[in-house]
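Okay, here's what each chain looks like letter by letter:
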Amino acid sequence: MKGILVYAIYTFGEILSTALVVRAIMSWFTQPNNYSTLGKIYLALIRFTEPIVAPCRNFMSRFNTGMIDFSLLIALLLIQFGTNILVRLIYLIL
């Protein structure tokens, strides 16, 4: 039971991390629109990851980082940190 739960948490964390990285790379090459296939994929990634990125963007707006948006990097670090904390808590509790 514990192994299945840990595997599910790690898998979900990896899916979110991969989606954030793909979103960052796609932002260099595509625009979010409903007319192209890549644009639709990019829109889906934005909808999937925005609940995680938006609070990080709001937090980073307090600091003057210039034109560089570090919110994706902060979200990626928080996902990795949160995944590791959850797994350690599961091993301690169960």
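Residues numbered from 1 in each chain as written. Predicted model: local features only at pLDDT ≥ 70, side-chain atom pairs only at ≥ 80, totals over all residues. Heavy atoms only, no water.

### A closer look at the pattern of salt bridges
Think of it this way: side chains of opposite charge can pair up when their charged atoms draw near.
Here comes step 1: A full pass over the atoms with the stated rule returns three salt bridges.
Here comes step 2: Glu-50 is the salt-bridge partner of Arg-57, the closest N and O atoms lying 2.8 Å from each other.
Here comes step 3: Judged by relative accessible area, Glu-50 falls into the partly exposed class, the value being 23%.
Here comes step 4: Residue Asp-69 is joined to Arg-57 by a salt bridge in which the shortest nitrogen-to-oxygen separation is 3.6 Å. In this pair, Asp-69 is assigned in the loop between α2 (37-60) and α3 (71-93) and Arg-57 in helix α2, connecting sequence segments twelve residues apart.
Here comes step 5: Exposure remark for Asp-69: the relative accessible area of 44% places this residue in the partly exposed category.
Here comes step 6: The exposure class assigned to Arg-57 is partly exposed, which follows from its relative accessible area of 31%.
Here comes step 7: Among the charged side chains, a salt-bridge network with shared partners connects Arg-23, Glu-50, Arg-57 and Asp-69. (Salt bridge = Lys/Arg side-chain N within 4 Å of Asp/Glu carboxyl O. Buried < 20%, exposed > 50% of the residue type's maximum accessible area, 1.4 Å probe, protein only. Helix = DSSP H or I, 4+ residues; strand = E, 2+ residues; numbered from the N terminus.)

### Overview of the environment of Leu-20
Here comes step 1: Relative to the helices and strands, Leu-20 is located in helix α1 (residues 2-29).
Here comes step 2: According to the relative accessible area criterion, Leu-20 is buried, its value standing at 3%.
Here comes step 3: Sequence separation between Leu-20 and Ile-85 is 65 residues; the distance between their C-alpha atoms is 20 Å.
Here comes step 4: Ignoring any residue separated from it by four or fewer positions in sequence, one finds Leu-20 in contact with Thr-49, Val-53, Leu-72, Ala-75, Leu-76 and Ile-79. (Contact = heavy atoms within 4.5 Å.)

### What to know about the packing of α2 against α3
Here comes step 1: α3 packs onto α2 with a crossing angle of 120° between their chain directions and a minimal axis gap of 8 Å. Here α2 is positioned oblique relative to α3, judged by the angle of their axes. For the pair α2 and α3, the sense of crossing is right-handed. On α3, the residues touching Ile-52, Val-53, Cys-56, Arg-57 and Met-60 of α2 are Ser-71, Leu-72, Ile-74, Ala-75, Leu-78 and Ile-79.
Here comes step 2: Class assignment for the residues of the contact of α2 with α3 results in nine nonpolar, one polar and one charged. (Axes fitted to C-alpha atoms, helices over the stretch in contact; angles between N-to-C directions. Parallel < 35°, antiparallel > 145°, perpendicular 65-115°, else oblique. Left-handed = near helix turned anticlockwise from the far one by under 90°. Nonpolar A, V, L, I, M, F, W, Y, C, P; charged D, E, K, R; others polar.)

### A closer look at the side chain of Ser-17
Here comes step 1: In this fold, Ser-17 is placed in helix α1.
Here comes step 2: Note on Ser-17: relative accessible area 6%, which makes it buried.
Here comes step 3: A polar atom in the side chain of Ser-17 sits 2.9 Å from the backbone oxygen of Gly-13.
Here comes step 4: A polar side-chain atom of Ser-17 sits 2.6 Å from a polar atom in the side chain of Gln-80.
Here comes step 5: Beyond its immediate stretch of four places on either side in the chain, Ser-17 contacts Leu-76, Ile-79 and Gln-80. (Polar contact = N/O pair within 3.5 Å; in protein donor to acceptor, adjacent residues only side chain to side chain.)

Worth remembering: the numbers are spatial, not functional.
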